[in-house]
Amino acid sequence: MKNIVILISGGGSNMAALVRAAECEQWGTRYGAKIAVVLSNKAEAKGLEFARSQGIATAVLDHKAYASREAFDAALADAIGAYDRPGQPALVLLAGFMRILTPAFVERFAGRLINIHPSLLPAFTGLHTHQRAIEAGCKFAGATVHRVTTELDHGSILEQAVVPVLPNDSPAALAARVLTQEHLIYRRAVVRLLQGN
Ligand code: GAR
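Let me begin by describing the structure that accompanies this report. This structure is a prediction, so every number in the text was calculated from the model and none was measured.

About the criteria used
Residues numbered from 1 in each chain as written. Predicted model: local features only at pLDDT ≥ 70, side-chain atom pairs only at ≥ 80, totals over all residues. Heavy atoms only, no water. Helix = DSSP H or I, 4+ residues; strand = E, 2+ residues; numbered from the N terminus. Contact = heavy atoms within 4.5 Å. Polar contact = N/O pair within 3.5 Å; in protein donor to acceptor, adjacent residues only side chain to side chain. Pairing = 2+ DSSP bridges. Axes fitted to C-alpha atoms, helices over the stretch in contact; angles between N-to-C directions. Core = buried A, V, L, I, M, F, W, Y, C linked by side-chain atoms within 4.5 Å. Buried < 20%, exposed > 50% of the residue type's maximum accessible area, 1.4 Å probe, protein only. Salt bridge = Lys/Arg side-chain N within 4 Å of Asp/Glu carboxyl O.

### Looking at the environment of D62
And then number 1: Relative to the elements of secondary structure, D62 occurs in the loop between β3 (57-60) and α4 (69-81).
And then number 2: Sequence separation between D62 and G32 is 30 residues, and the spatial gap between their C-alpha atoms is 31 Å.
And then number 3: Once you skip the residues sitting within four places of it in the chain, D62 turns out to touch N41 and F72.
And then number 4: Here the side chain of D62 touches K64 through a polar contact of 2.9 Å, landing on its backbone nitrogen.

Next comes the structure, spelled out in structure tokens:
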């Protein structure tokens with residue numbers, strides 16, 4: 001069984017969509033894959049409650065408890081490494097994980113580290129993507145699932161979804177519209193990876 005490890009920092013709606021898809025679509029029997037653990041850098045992350053309610057293991061690694069970014073990432077890598085099996089490296093999904101990862105971490109999980117970002121990359125890397133898209137006068141916004149490389153919000157694009165920016169949109173309204181699409185494209189990207197495409 002291939003383990004899937006999901007990293008969150010907050011609400012965890014993308015994680016929840018993946019958990020529901022894995023259950024409904026029987027990823028275990030179809031793809032030999034299992035969402036094994038949800039890790040958070042924040043104990044108060046709402047998504048943890050959902051994961052626990054689904055019988056999924058959870059763990060919290062509070063980044064503030066570590067002296068450096070490198071020390072936190074090393075501990076995180078160890079926690080994830082526990083889910084690697086011989087010949088079956090875990091798939092590591094960042095789902096609203098709001099930490100910039102060190103090159104050492106990214107290199108350790110290279111090729112199996114995936115992120116979802118709330119913009120149409122390569123536009124609007126970083127934070128406040130919806131506000132920036134509105135301010136720039138964009139007529140469309142969206143989300144991107146991509147491989148993680150050492151350069152923030154770069155890496156090859158696996159899936160994208162586009163939504164309209166409506167007149168008088170607020171960042172929150174646009175974010176909610178984008179989020180519904182995120183749930184669809186993250187599932188699609190992961191299924192393709194599990195299918196080996
Ligand atoms: C999502 O919009 C995700 O794309 C974004 O955080 C939100 C998390 O929502 N991620 C980033 O901004 C990463 N830079 P969720 O916790 O409900 O999945």
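What follows picks up the thread again.
### Quick look at the sheet that holds strand β6 (residues 140-147)
And then number 1: In spatial order, the strands read β3-β2-β1-β4-β5-β6-β7; together these seven strands make up an open sheet with mixed pairing. Each edge of the open sheet carries a strand with a single partner, namely β3 and β7 (157-164). For this sheet, the mean angle separating the axes of adjacent strands, direction not counted, is 20 degrees.
And then number 2: Both β6 and β7 contribute to a ladder of seven bridges, which runs antiparallel. By the bridge assignment for β7, T144 is matched with Q160.
And then number 3: Each of β1 (2-8), β2 (33-40), β4 (91-94) and β5 (113-117) is contacted by helix α1 (residues 13-24), which is oriented at about 160 degrees to β2, the strand it contacts most.

### A look at the nonpolar core
The tendency in soluble globular proteins is for nonpolar side chains to be buried side by side.
And then number 1: In this structure, I4, I6, W27, I35, L93 and Y186 are the most contacted members of the largest nonpolar core, which totals 39 residues.
And then number 2: Among residues more than four places away in sequence, those in contact with I4 are W27, A33, K34, I35, A36, V37, L91, L93 and L194.
And then number 3: Of all hydrophobic cores here, the second largest spans 20 residues; its members include A75, L76, A77 and V106.

### What about the pattern of salt bridges?
And then number 1: Taken as a whole, this structure holds seven salt bridges when the rule is applied.
And then number 2: Residue E159 is joined to R188 by a salt bridge in which the shortest nitrogen-to-oxygen separation is 3.3 Å. Linking E159 in strand β7 with R188 in helix α7 (residues 171-194), this pair joins segments that are 29 residues apart in sequence.
And then number 3: With relative accessibility at 7%, the residue E159 sits in the buried group.
And then number 4: In this structure, the salt-bridge partner of R177 is D169, at a minimum N-O distance of 2.7 Å.
And then number 5: Take D169: its relative accessible area is 12%, and that puts it in the buried class.

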